[in-house]
Amino acid sequence: MSEPHASPVLAGKHLDIEQPGALVAYLRRTGRIGAREQPAVRVLSGGVSNRVVLLERPSGESWVLKQALAKLRVRVDWYSSPERIHHEALGLRWLERLAPQGTITPLVFEDHEHHLLAMHAVPEPHDNWKTLLLAGHLSRDHVTQAAQLLGEIHRRAWERRGELLPIFEDRSYFESLRLEPYYGYAAEQAPAAAAFIESLIAETRDCRLTLVHGDYSPKNVLVHEGRLVLLDHEVIHWGDPAFDIGFFLTHLLSKAHHLPAHREAFADAAGLFWRVYLEAAGRVEWAAELEPRAARHTLGCLLARVAGRSQLEYLSEAERTRQREGVLALMLGAAPVRVSELIHTFVERL
Ligand SMILES: Nc1ncnc2c1ncn2[C@@H]1O[C@H](COP(=O)(O)OP(=O)(O)O)[C@@H](O)[C@H]1O
Ligand SMILES: [Mg+2]
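Residues numbered from 1 in each chain as written. Chains lettered and ligands numbered in written order. Predicted model: local features only at pLDDT ≥ 70, side-chain atom pairs only at ≥ 80, totals over all residues. Heavy atoms only, no water.

For this particular structure, what's the right way to read the overall build of the chain?
On a plain count of helices and strands, the chain comes out with 13 helices and 10 strands. Computed over C-alpha atoms, the radius of gyration of the chain comes to 21 Å, within 12% of the 20 Å expected from 2.2 N^0.38 for 350 residues, which places it in the range of a compact globule. The buried share among the 350 residues of the chain stands at 57%. Within the chain, contacts between residues at least 6 apart in sequence are counted, and of these 69% link residues at least 24 apart. On the chain, the mean spot of the 40 positive side-chain charges and the mean spot of the 45 negative ones are 1 Å from each other. (Helix = DSSP H or I, 4+ residues; strand = E, 2+ residues; numbered from the N terminus. Rg over C-alpha atoms; globule rule 2.2 N^0.38 Å. Buried < 20%, exposed > 50% of the residue type's maximum accessible area, 1.4 Å probe, protein only. Contact = heavy atoms within 4.5 Å. Lys, Arg positive; Asp, Glu negative; His and termini not counted. Charge placed at Lys NZ, Arg CZ, Asp CG, Glu CD.)

What am I meant to see in the site of ligand 1 here?
Asn50, Lys66, Val122, Asn220 and Asp232 are the nearest of the 19 residues found near ligand 1. Between a nitrogen atom of ligand 1 and a main-chain N or O atom of His120, the distance comes to 3.0 Å. For ligand 1, the accessible surface in isolation is 550 Å², of which the surrounding protein chains cover 92%. Elements that contribute at least two residues to the shell around ligand 1 include exactly strand S2 (50-56), strand S3 (62-68) and strand S5 (116-120). Grouping the constituent residues of the shell around ligand 1 by class yields nine nonpolar, seven polar and three charged. Residue-level mapping places the shell around ligand 1 at the junction of two domains, with at least three residues from each of domain 1 (8-120) and domain 2 (127-349). (Near = heavy atom within 4 Å. Polar contact = N/O pair within 3.5 Å; in protein donor to acceptor, adjacent residues only side chain to side chain. Areas by Shrake-Rupley, 256 points an atom, 1.4 Å probe, with all protein chains shown as cover. Nonpolar A, V, L, I, M, F, W, Y, C, P; charged D, E, K, R; others polar. Domains from an automatic or database assignment.)

What exactly am I supposed to notice about the confidence of the model for the chain here?
Close inspection of predicted coordinates is inappropriate for parts of the model with low pLDDT. For the chain, per-residue confidence averages 94 on the pLDDT scale, and residues scoring 70 or more make up 96% of the total. In this model residues 1-12 is a low-confidence stretch, pLDDT under 50, and it forms 18 contacts with partners more than four residues away in sequence or in other chains. (pLDDT = per-residue confidence, 0-100.)

What is the right way to read the coordination of the magnesium ion (ligand 2) from this model?
In a perfect tetrahedron of four donors around a metal, the angles come out at 109.5 degrees. In a perfect octahedron of six, they are 90 or 180 degrees. With distances of 2.1 to 2.2 Å, the protein atoms coordinating the magnesium ion (ligand 2) are Asn220 (OD1) and Asp232 (OD). Highlighted residues: Asn220 in the loop between strand S7 (210-212) and strand S8 (221-224) and Asp232 in the loop between strand S9 (227-230) and strand S10 (237-239), separated in sequence by 12 residues. You can call Asn220 buried: its relative accessible area is 8%. (Donors = N, O, S within 2.8 Å, 3.2 Å for Na, K, Ca; no water.)

So what exactly am I meant to see when it comes to the packing of aromatic side chains here?
Centre distance and the angle of the planes are the two values used to describe a pair of aromatic rings. A complete count under the given rule lists nine aromatic pairs for this structure. Between the aromatic rings of Tyr216 and Phe248, the centroid separation amounts to 5.6 Å while the plane-to-plane angle is 55 degrees, which identifies the pairing as tilted. Of this pair, Tyr216 sits in the loop between S7 and S8 while Phe248 is found in helix H9 (residues 241-258), placing the two residues 32 residues apart along the sequence. Side by side, Tyr216 and Phe248 carry an identical accessibility label, which is buried. Here Phe248 and Phe273 contribute two aromatic rings whose centre-to-centre distance is 4.3 Å and whose plane-to-plane angle is 25 degrees, an arrangement assigned as stacked. Of this pair, Phe248 sits in helix H9 while Phe273 sits in helix H10 (residues 263-281), and the two are 25 residues apart along the sequence. (Phe/Tyr/Trp six-rings, centres within 6.5 Å; stacked < 30°, edge-to-face > 60°.)

Is there a simple way to explain the nonpolar core in this structure?
Soluble globular proteins tend to pack their nonpolar side chains together in the buried interior. Formed by 100 residues in total, the largest nonpolar core has its most connected members in Trp129, Tyr183, Ile245, Phe273, Tyr277 and Leu303. When we break this core down by domain, the ones giving at least three residues each are domain 1 (8-120) and domain 2 (127-349). What Tyr183 contacts, discounting residues up to four positions off in sequence, is Arg178, Ile197, Leu200, Ile201, Phe243, His297, Gly300, Cys301 and Ala304. Judged by nonpolar contacts, the second largest core, of 16 residues, contains Ala22, Leu23, Val41 and Leu55. (Core = buried A, V, L, I, M, F, W, Y, C linked by side-chain atoms within 4.5 Å.)

Which parts of the structure should I look at to understand the pattern of salt bridges?
Charged atoms that come close allow side chains of opposite charge to pair. Summed over all chains, the structure comprises 21 salt bridges. The salt bridge involving Glu313 is made with Lys130; its shortest N-O contact spans 2.8 Å. Here Glu313 is found in the loop between helix H11 (290-307) and helix H12 (317-332), whereas its partner Lys130 is found in helix H4 (residues 129-134), with 183 residues between them in sequence. Judged by its relative accessible area of 13%, Lys130 is buried. (Salt bridge = Lys/Arg side-chain N within 4 Å of Asp/Glu carboxyl O.)

Explanation requested: the sheet that holds S5 in the structure shown.
Note on sheets: strands pair through backbone hydrogen bonds, and any given pair is parallel or antiparallel. With antiparallel pairing, five strands are arranged side by side in an open sheet as S1-S2-S3-S5-S4. Two strands bound the open sheet, and with one partner strand each, they are strand S1 (40-43) and strand S4 (107-111). Across the sheet, the axes of successive neighbouring strands diverge by a mean angle of 20 degrees, strand direction being ignored. The pairing of S1 with S2 spans four bridges and is antiparallel. Pairing of Ala40 across the sheet is with Glu56, part of S2. Lying over the sheet, helix H3 (residues 84-98) contacts S2, S3, S4 and S5, oriented at roughly 155 degrees with respect to S4. (Pairing = 2+ DSSP bridges. Axes fitted to C-alpha atoms, helices over the stretch in contact; angles between N-to-C directions.)

Okay, structure coming up:
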């Protein structure tokens, strides 16, 4: 790595953390690391909406720095304010208190000028859960952990609703990064689904029950020594917990679609996730009315991931078409209200 030098660009507003020299100069200048410290810097790929960099310090401590991009790295034009990184920092602070120990990476610092944060790195070796799943490594223990983690976040946040609701009331990132690009855009692309999706958007906006992660996907989960760690909290908000369930089940069901040899195992895993989630959510007063909404969000997300702005890259054109048609048929008919029935019907139609 080249020795960083002072320049107006490095010292000024336009810090790009993917430039190792500029990053190290910035960290030294702000006293976050020693004035002569030489950390190793590695740009991490996989992020869609952020620059993500691993920093290994000589002390053995490792951080991940994350800086929000104004223009997301997807096929269609999609913009979002870099201020959202501070929303993620807020999420990190609270999730660490709400989620089971070790499942959230502690926040190290946050910088409002350069729209970045630093958190503890998940130690190596670790695997991205999505990569494991796409390779057919589906573990019931991982699915159980994922369901417990989500159920616990939803329940524990609800128990502290008086305190948390005002903190997470702002749903503008959920609107601009989920409701519009996933649901709104999918409804435009598949007009037959518009009535179903529009009513789903309206009921989601009306629903303010607990803390919702908003990006609860295997891609945002790392597995280290058999334990799950959850990342990427930028659309966290106070809203409808059924969204997280539908968003997550969509990943299992789309893999059931894409991997015929593992279809039954993924369908079973989806059922397991739902049952364990309900147990973990426990006696929240909204548990009884959750299931039909979870089923509707699953349908909404299954469509959004083949017709929205952020499509699942591993599905072929033929698979996208099949998923779209299968989901549309369910939306237009008597849409399943039980999660088990939805899983069964979706998989049967493939
Ligand atoms: N704390 C961390 N420890 C290790 N790797 C991380 C950490 N945070 C992010 N990453 C890696 O960077 C990738 C992108 O990070 P993520 O927070 O999901 O950003 P984006 O919002 O751009 O998707 C993750 O999939 C993961 O591989
Ligand atoms: Mg991510």
